Amino acid sequence: MTADLEKNFHLALEKSQNLQMLEELRVRYLGKQGMITEALKSLGAMDPETRKQRGAELNRLRALCQEALSVQKEKLEEQALTLKLASEKVDLTLPTLALQKGTHHLITQTTEEIVRYFERFGFKVEEGPDIETEEHNFNALNIPPHHPARQNHDTFYVDAAAEPLLLRTHTSTVQIRTFKKGELPLRVLAPGRVYRADYDATHLPMFHQIEGFIVEEGIHLGHLKSTLIDFCRAFFNKNDLKTRFRPSFFPFTEPSFEMDIFGNGRWLEVLGCGMIHPQVLRNVGLDPKKHQGFAFGMGVERFAMLKYEVNDIRNFVTGDVRWNRQMSVSRAFGT
Ligand code: PHE
């Protein structure tokens, strides 16, 4: 009887290939109503001699089953763990993140291209705030309160109690901020965001400019022209690029010009420039007899659009990652 129980138990144990089957087996033999448990219960009805003998056999069998079950349980648990580890294995060599590598926005890249170029000639980068005073954006630049030039700027004003503040309409503000520091001579490049109430295929209400200016003794128009002609030829990778300077008007330069380049069979305006107006120098306490300078201001979007053939300025701000990635400039010059 005990021998049969033992034999059947071992057969069933061999067939228990997972933890659930093993548990079922345990319940079947050692559970509250398990076969061994029931057999032990029935001992009470037996005569003392048989009880003693059967009792010993059953207790031995119970201990044997418990031991066998716990050995098998450990084995199955280990197997399950090995399987789990194998199925959840992480391949650390898979290059998933590398595929998602980002790139700088075309505006950032173009700004860097331009800054790199001018750095070679000793220009240092200066920055100014986006929220400005009328003083820095207009007055000190020789644009007094009722000057018609203010209307052309489509200015965003910021509601402020004390003093009227505005979003700067150009980076020329950095000229004033830098001059006020009084360190001369200087060669400065001032990249940054500017704002005008304008929005269509060629205008954004927020765009980027780079202001460049030099104040040194003996600076003249020839320096301005050669600097900008050389720059445009380098930027557009065209040694024989045709350029022209058209007379223009800015209150803070005299004389003033628009610079055009020739491309695709037509003249394209690329920037405004001129010799710094003596009044601007006087406004910041400099002597125009001693110091002269030139200044230029260019739109980064415009330069990027011309060089990288972007036909709608709104592409810069739609935030389409695919476009940004496609416009990644491995074609950058001078890097
Ligand atoms: N600030 C001018 C503009 O935004 C550009 C400019 C800069 C012109 C410097 C002359 C000199 O239109």
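Predicted model, so just to flag it, every value in this text is computed and none were measured. (Residues numbered from 1 in each chain as written. Predicted model: local features only at pLDDT ≥ 70, side-chain atom pairs only at ≥ 80, totals over all residues. Heavy atoms only, no water.)

Comments concerning the overall build of the protein chain
Consideration 1: Secondary structure assignment for the protein chain yields 12 helices and 10 strands.
Consideration 2: Expected size for 335 residues packed as a compact globule is a radius of gyration near 20 Å; at 42 Å, the protein chain overshoots this value by more than 25%.
Consideration 3: Across its three principal axes, the protein chain shows a C-alpha extent of roughly 130 × 50 × 40 Å.
Consideration 4: When burial is assessed residue by residue, the protein chain has 42% of its 335 residues classed as buried.
Consideration 5: Charge separation in the protein chain, taken as the distance between the mean sites of 43 positive and 44 negative side-chain charges, equals 3 Å. (Helix = DSSP H or I, 4+ residues; strand = E, 2+ residues; numbered from the N terminus. Rg over C-alpha atoms; globule rule 2.2 N^0.38 Å. Buried < 20%, exposed > 50% of the residue type's maximum accessible area, 1.4 Å probe, protein only. Lys, Arg positive; Asp, Glu negative; His and termini not counted. Charge placed at Lys NZ, Arg CZ, Asp CG, Glu CD.)

What about the side chain of serine 16?
Consideration 1: Counting through the fold element by element, serine 16 comes out in the loop between α1 (2-15) and α2 (19-30).
Consideration 2: A polar contact is formed between the side chain of serine 16 and the backbone oxygen of alanine 12, at a distance of 2.9 Å.
Consideration 3: Sequence-distant contacts of serine 16, defined by excluding residues within four places in its chain, comprise Met21, Leu22, Leu25, Gln72 and Leu76. (Polar contact = N/O pair within 3.5 Å; in protein donor to acceptor, adjacent residues only side chain to side chain. Contact = heavy atoms within 4.5 Å.)

What about the sheet that holds strand β1 (residues 124-125)?
Consideration 1: The seven strands lie next to each other as β1-β5-β6-β10-β9-β8-β7, forming an open sheet whose pairing is mixed. Lying at the two open borders of the sheet, with one neighbouring strand each, are β1 and β7 (243-250).
Consideration 2: As paired strands, β7 and strand β8 (residues 253-263) are joined by seven bridges and run antiparallel to one another. Bridge pairing in β8 links threonine 243 to isoleucine 261.
Consideration 3: On top of the sheet, helix α9 (residues 221-235) reaches β7, β8, β9 (266-276) and β10 (292-299); it is set at about 145 degrees to β9, its chief contact. (Pairing = 2+ DSSP bridges. Axes fitted to C-alpha atoms, helices over the stretch in contact; angles between N-to-C directions.)

So, the site of the ligand
Consideration 1: Close to the ligand lie 13 residues; His170, Ser172, Arg196, Gln209 and Glu211 are nearest.
Consideration 2: Between the ligand and glutamine 209, the relevant distance is 3.0 Å, taken from an oxygen atom to a side-chain nitrogen or oxygen of the residue.
Consideration 3: Burial of the ligand by the surrounding chains reaches 90%, relative to a free accessible area of 330 Å².
Consideration 4: Looking at the shell around the ligand, the elements that each hand over two or more residues are β6 (206-216), β9 and β10.
Consideration 5: Sorting elements by how many residues they give to the shell around the ligand places β10 first, with three residues.
Consideration 6: A breakdown of the residues in the shell around the ligand according to their chemical character gives five nonpolar, six polar and two charged. (Near = heavy atom within 4 Å. Areas by Shrake-Rupley, 256 points an atom, 1.4 Å probe, with all protein chains shown as cover. Nonpolar A, V, L, I, M, F, W, Y, C, P; charged D, E, K, R; others polar.)

Things to note about the sheet that holds strand β4 (residues 165-167)
Consideration 1: Taken in spatial order, the three strands line up as β2-β4-β3 in an open sheet, and their pairing is antiparallel. Lying at the two open borders of the sheet, with one neighbouring strand each, are β2 (131-133) and β3 (157-158).
Consideration 2: Pairing of β2 with β4, which is carried by three bridges, proceeds in the antiparallel orientation. Residue pairing in the sheet places isoleucine 131 in a bridge with leucine 167 of β4.

Points about helix α6 (residues 106-119)
Consideration 1: Taking 1.5 Å per residue as the helical rise, α6 with its 14 residues ought to reach 20 Å, and the 20 Å between its terminal C-alpha atoms agrees with that figure.
Consideration 2: Within α6, 10 of the 14 residues are buried, which leaves the element mostly enclosed by the surrounding structure.
Consideration 3: For α6, the complete set of buried residues consists of Leu106, Ile107, Gln109, Thr110, Thr111, Glu113, Ile114, Val115, Tyr117 and Phe118. (Expected span 1.5 Å × (residues − 1).)

A closer look at the pairing of β6
Consideration 1: In terms of burial, β6 is a largely internal element, 10 of the 11 residues being buried.
Consideration 2: Strand direction decides the pairing type here: strand β5 (residues 186-195) and β6, joined by 10 bridges, are antiparallel. Note that in β6 the partner of arginine 187 across the bridge is isoleucine 214.
Consideration 3: Direction of pairing for β6 relative to β10: antiparallel, over a ladder of eight bridges. Along β10, the bridge assignment pairs glycine 212 with phenylalanine 296.

Regarding the domain arrangement of the protein chain
Consideration 1: The domain boundaries assigned to the protein chain delineate domain 1 (2-87) and domain 2 (106-327).
Consideration 2: The distance between the C-alpha centroids of domain 1 and domain 2 comes to 89 Å. (Domains from an automatic or database assignment.)

Overview of the environment of threonine 171
Consideration 1: Summarising the element assignment, threonine 171 is placed in the loop between β4 and α8 (173-181).
Consideration 2: Spatially, the C-alpha atoms of threonine 171 and glutamate 127 are 8.8 Å apart, while their sequence positions differ by 44 residues.
Consideration 3: Those residues in contact with threonine 171, other than ones at most four positions away along the chain, are Ala190, Gly192, Val194, Gln209, Ile210 and Glu211.
Consideration 4: Reaching out from threonine 171, the side chain makes a polar contact with the side chain of glutamate 211 at a distance of 2.9 Å.

Quick notes on α2
Consideration 1: Its 12 residues place the ends of α2 16 Å apart at the C-alpha level, agreeing with the 16 Å of an ideal helix rising 1.5 Å per residue.
Consideration 2: Of the positions making up α2, those classed as buried are Leu22, Leu25, Tyr29 and Leu30. Within α2, the buried residues cover an arc of 95 degrees as seen down the axis, which keeps them to one side.
Consideration 3: On its buried face, α2 is in contact with α1, α3 (35-41) and α4 (48-87).
Consideration 4: Measuring from the side-chain oxygen of the N-cap residue of α2 to the backbone nitrogen of glutamine 20 gives 3.1 Å; that N-cap residue is asparagine 18. (Arc of directions from axis to C-beta.)

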